[in-house]
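Listed below are the residues making up each chain.
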Amino acid sequence: MKHGENPDQRWFDPGKSDRHQVLVGVVKGIQERGGYRRDLNLHHLRLYTDRNVVGLSSATHARTVESSGFRRPRLSLNIVRNCIDAATAIVTRGRPGIQYGTDGGNFEMQQRAKARSKFVLGGFQANDAYGIGGLAFRDSGIFGTGFAKVLRRRPFPVIEKVFPGEVWVDDAEGIYGKPPSLFQVRPYDKLRLDAIFPGKKNIIADAEGPAVKLYGRTRIANQATVYEGWHLRSGPDADDGWHIIATDTGILRAKRYNHDDFPLVPQRWNEEPLGYFGTGIAHELTGIQYEINALLRFIQTGCFSAGGLKWLVEKGSKIGPGDVNNDAWASLLHYVGAAPIPVNPLPFNLAYLELLKFYIEQAYAQTGISQLGARGEMPSGLAGSGRAQLVYKDTESQRFLDVQRRYEQFYANLAERYLEAAADVYADNKGELALSYRAGNMMERIGFEDIEDDGDEFFVQPEAVSMLPSTAAGKFALAEQWRAAGYIDGAQAKKMALANVPDVGSESSLQLGAIDLIDEQISRILDKGESIWPDPRGDVDTAFARGTMAFQRAQSSGAPPDRLDLLAEYVDAASQMLEASEQA
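Residues numbered from 1 in each chain as written. Predicted model: local features only at pLDDT ≥ 70, side-chain atom pairs only at ≥ 80, totals over all residues. Heavy atoms only, no water.

Asker: Where do I start with helix α1 (residues 19-33) in this structure?
Answerer: Every α-helical turn comprises 3.6 residues, leaving residues that sit three or four positions apart pointing alike. In a regular helix each residue adds 1.5 Å, so 15 residues correspond to 21 Å; α1 covers 21 Å between its end C-alpha atoms and thus fits that length. Burial within α1 is extensive, with 11 of its 15 residues counted as buried. Here α1 has its buried residues at R19, H20, V22, L23, V24, G25, V26, V27, G29, I30 and Q31. (Helix = DSSP H or I, 4+ residues; strand = E, 2+ residues; numbered from the N terminus. Expected span 1.5 Å × (residues − 1). Buried < 20%, exposed > 50% of the residue type's maximum accessible area, 1.4 Å probe, protein only.)

In structure tokens form, the structure reads like this:
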């Protein structure tokens, strides 16, 4: 019987005693039927890396078909890699924020939503989620789909990038993009597995691992092939969701999975009408890359074989090949009859160069970027104009609108999966889980008990910040434009203009320190009910202005009277300090 032909493939059925064998058989059956995905992934990896790698496994990814040693690159113009790297740089240059909100919730719910945002961003900071998301986005350009995974680890959940070739879905189940089961197959170091699953040493020791060929001999690395499967529950009240981690020798962990999404969060470059996996830039540009390769080989052959100086010699002139050489001091050439005529014909038709330029332009246009954008350059005349940069950036952003929305939604989905994992870790830790959230120079400790969902309805909204100007001139122009329109006050404009501007880090830290301190004081008053007064040596004007706006917002949100009284005292104190300074 072949893999995958088991008549009962319900590997998640808790009544089965051989669930690990059924799980392994199901996954191997999917791998056999989905071999085309492995071939496509290998093809696209070779296009991107310009290395003829043998395979995608731990045993073959570092080896190439060619012999070892230096090898001239196969692709003298790798347009696939250029476009993928350029698109990744443009889309991931900013960091989409995560903002939780409530639908008509009271002040307490709004404060809890605010704490949820801080908790998630603290988890992102602890795990370098934005760096991982950038790598997952690059994978989506290469393979069509990239993944980030949320692991339920202690003391807090961990986020890691997953190689797309490790993720498997049954094509029939995933035809509409929502499969009920998802699998990951990857090699793990056995010593690491022993530390994660201390009671499973015998299962780990006997587990099959990938075979590695070294110097003509086959050895088995100290690794075990781990099969991980998730089956989503069939309904909100169903209890048939399962998460199983196993090897071919036994189960390492089996737990009920009571969530409605997988902990692997996909990032797709292009979504297909049917199927779970997306399509990437490498696939879209394969044909153009082949045409560019053929043209470059033709041009190169013409230059080597037909290019260079040629001599037209009259027949019978007694001039042979040895009489014409590269000697720079040869000034005399003896001949009989008509004089030899030097010619230097074009090695190829110049129309081929125009065709090459056309293919290159089409590759960038199909990806949605300009060649200037790929080189990180602005059109001439825009470098010093912040307002002109805003218009140019807006035009460039429209090309990536769908891609950008998917990238922002990726982080919203990642935030939801992170909170689900945090809830599981919190339950396992018997009520102990906290993360540090850093904002500017301030650090705040957020406990899970401050954000625990008691049935209240929260929604998550990604903040679209990635397409804001990245240059100092563009940031200053946008901040001034918004301040003049009344969208933000002077303090907010200063924070917006100086955020992450190179070479002014220490100065911007001084400029924004007072604003960060005032915002942190107001937050402590509203969130924790602390009695705080403004610092008379600080920026009292900003304290009065931002305190007044915060009071109005808190009042409209239904803040408790005691918190409003504390904030009113803060504003009154700032007002008195201003009056005293004017009288002095």
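Asker: Would you mind going over the pattern of salt bridges with me for this structure?
Answerer: Close approach of charged atoms allows side chains with opposite charge to pair. Evaluation of the coordinates by the stated rule reveals 17 salt bridges. Linking E444 and K118 is a salt bridge whose minimum nitrogen-to-oxygen distance equals 3.0 Å. With a gap of 326 residues between them, E444 in strand β15 (residues 442-447) and K118 in helix α4 (residues 107-127) connect regions that are remote in the sequence. Where salt bridges share partners, they join D261, R417 and E420 into one cluster. (Salt bridge = Lys/Arg side-chain N within 4 Å of Asp/Glu carboxyl O.)

Asker: I tried to follow the side chain of N78 on my own but got confused; where do I start?
Answerer: By the secondary structure assignment, N78 is in the loop between α2 (35-49) and α3 (79-91). Of the residues examined, N78 reaches a relative accessible area of 11% and is grouped as buried. Polar contacts involving the side chain of N78 include one to the main-chain carbonyl oxygen of Y48, which spans 3.4 Å. Residues in contact with N78, not counting those within four places in the same chain, are L47, Y48, D50 and Q289. (Polar contact = N/O pair within 3.5 Å; in protein donor to acceptor, adjacent residues only side chain to side chain. Contact = heavy atoms within 4.5 Å.)

Asker: Honestly, the nonpolar core in this entry has me stumped. Any pointers?
Answerer: In globular proteins that are soluble, nonpolar side chains generally tend to be buried together. Counting residues in hydrophobic clusters, the biggest one holds 69 residues, and the most contacted among them are I98, Y100, F119, F124, I159 and L414. Per element, the largest residue contribution to this core is 13 residues, and it comes from helix α13 (residues 401-428). The residues touching F124, leaving out its near neighbours within four places in the chain, are I98, A129, Y130, I159, Y411, L414 and A415. F12, V22, I30 and W242 belong to the second largest nonpolar core, which has 15 residues in total. (Core = buried A, V, L, I, M, F, W, Y, C linked by side-chain atoms within 4.5 Å.)

Asker: When you look at the environment of P236 in this model, what are you seeing that I'm missing?
Answerer: Checked against the element boundaries, P236 lands in the loop between β8 (223-231) and β9 (242-247). In this structure P236 comes out as exposed when scored by relative accessible area, which is 68%. C-alpha of P236 to C-alpha of N258: the two residues are 22 residues apart in sequence and 8.5 Å apart in space.

Asker: Whenever I open this one, the packing of aromatic side chains confuses me. Can you help?
Answerer: Between two aromatic rings, the relevant description is the distance of the centres plus the angle of the planes. What the rule picks out here adds up to 17 aromatic pairs. Judged by centre distance (5.5 Å) and plane angle (85 degrees), the rings of W11 and F12 are edge-to-face. Residue class for F12 comes out buried when judged on its relative accessible area of 11%. Arranged with centres 4.6 Å apart and planes meeting at 55 degrees, the rings of F298 and Y352 form a pair that is tilted. Taken together, the residues span a long stretch of sequence, with F298 in helix α9 (residues 286-305) and Y352 in helix α10 (residues 351-367) at a distance of 54 residues. Members of the aromatic cluster, joined through ring pairs, are F124, Y130, F137, W269, Y407, F410 and Y411. The residue whose ring lies beneath R116 is Y100, and the NZ or CZ to ring-centre distance is 5.2 Å. Geometry around Y188 places R186 over its ring, the cationic atom sitting 4.1 Å from the centre. (Phe/Tyr/Trp six-rings, centres within 6.5 Å; stacked < 30°, edge-to-face > 60°. Lys NZ or Arg CZ within 6 Å of the ring centre and 35° of its normal.)

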